[in-house]
Amino acid sequence: MKLNQLFPSKYATGQDLAGKSVALTISHLRSEKMIPTPGASPVDKWVVYFKEAQKGIVLSKTLATQIAQAVGSDDTDAWPGKRVMLYPEEVTVAGKPRTAIRARKAIQE
């Protein structure tokens with residue numbers, strides 16, 4: 001059994017994409033309190049949710065910028081109903097390899 005199955009995350013991660021791209025429709029965004037590290041004070045972070053997915057994705061500045069470019073608006077109020085293509089990308093964070101979620105314009109179906 002994979003570790004992410006033993007310890008499921010509340011939010012989607014790059015590993016949830018299983019190496020594949022997926023086109024999804026943005027449902028809504030919501031600010032949620034999160035604890036960045038054990039013992040730290042909670043901080044507000046934005047999470048984007050999709051109609052076709054159960055888990056939301058915590059927005060980083062990089063992902064938010066990519067979504068804005070993909071949907072043609074930097075106004076998050078205009079994002080619901082827009083489709084984006086999410087894909088995994090290998091990155092290094094604090095010297096450790098990670099799989100990040102990235103976004104680009106969805107191909108019209």
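Going by the structure above, here's the rest.
Numbers given for residues are sequential positions, taken from 1 along each chain in its written order. Where local features are concerned, this predicted model is filtered to residues with pLDDT of at least 70; where side-chain atom pairs are given and counted, the filter is 80 or more; whole-chain, interface and lining totals use all residues. Values reported for side chains reflect all heavy atoms of the structure, with hydrogen atoms and water molecules removed beforehand.

Caption draft 1: Highlighting the overall build of the protein. Here a helix means four or more residues in a row that DSSP labels H or I, a strand means two or more in a row labelled E, and each is numbered from the N terminus. Within the protein one finds two helices and five strands. Order of helices (α) and strands (β) in the protein, N terminus to C terminus: α-β-β-β-α-β-β. Relative to the compact-globule value of 13 Å for 109 residues, the protein shows a C-alpha radius of gyration of 14 Å, a close match. Each of the three principal axes of the protein carries a C-alpha extent, and together these read 40 × 30 × 25 Å. The rule is simple: take the accessible area with a 1.4 Å probe, protein chains only, and divide by the maximum for that residue type; under 20% is buried, over 50% is exposed, in between is partly exposed. By residue count, 32% of the 109 residues in the protein fall in the buried class. The contact definition used throughout considers only heavy atoms, calling two residues in contact when any of these lie within 4.5 Å. Expressed as a percentage of contacts within the protein between residues at least 6 apart in sequence, the contacts between residues at least 24 apart total 47%. About 7400 Å² of surface is accessible on the protein, with carbon and sulfur atoms providing 53% of the total. We count Lys and Arg on the positive side and Asp and Glu on the negative side, and we leave His and both chain ends out. A charge is said to be at NZ when it belongs to Lys, at CZ for Arg, at CG for Asp and at CD for Glu. Averaged over its 16 positive side-chain charges, the protein has a centre that lies 5 Å from the centre of its 10 negative ones. The globule rule is 2.2 Å times the number of residues to the power 0.38, and the radius of gyration it is compared with is taken over C-alpha atoms. For every accessible area listed, the method is Shrake-Rupley and the probe measures 1.4 Å; residues are considered covered only by the protein chains on display.

Caption draft 2: How the structure looks around the nonpolar core. Side-chain atoms within 4.5 Å link the members of a nonpolar core, which is a set of buried Ala, Val, Leu, Ile, Met, Phe, Trp, Tyr and Cys residues. Formed by 19 residues in total, the largest nonpolar core has its most connected members in Ile26 and Ile67. If one sorts the elements of this core by residue count, helix 2 (residues 61-71) sits on top with five residues. Aside from chain neighbours lying at most four places away, what touches isoleucine 26 is Val48, Tyr49, Phe50, Lys51, Ile67, Val71, Trp79, Pro80, Gly81, Lys82 and Val84.

Caption draft 3: View of the pattern of salt bridges. Every case where a carboxyl oxygen of Asp or Glu lies within 4 Å of a side-chain nitrogen of Lys or Arg is listed as a salt bridge. In total, this model carries six salt bridges according to the counting rule given. The salt bridge involving lysine 10 is made with glutamate 32; its shortest N-O contact spans 3.9 Å. Taken together, the positions of lysine 10 in the loop between helix 1 (3-6) and strand 1 (22-34) and glutamate 32 in strand 1 put the pair 22 residues apart, joining distant regions of the chain. Looking at lysine 10, the relative accessible area reads 60%, which means it is exposed. Here the salt bridges do not stand alone but share partners, grouping Lys10, Arg30 and Glu32 into one network.

Caption draft 4: Here's a closer look at a nonpolar patch on the surface. The residues that make up patches have over 30% relative accessible area and no salt bridge, and they are joined within 9 Å when like-charged or within 5 Å when they are Val, Leu, Ile, Met, Phe, Trp or Tyr. On the surface, a nonpolar cluster with roughly 530 Å² of combined accessible area is contributed by Met1, Leu3, Leu6 and Phe7. Here leucine 6 is to be found in helix 1.

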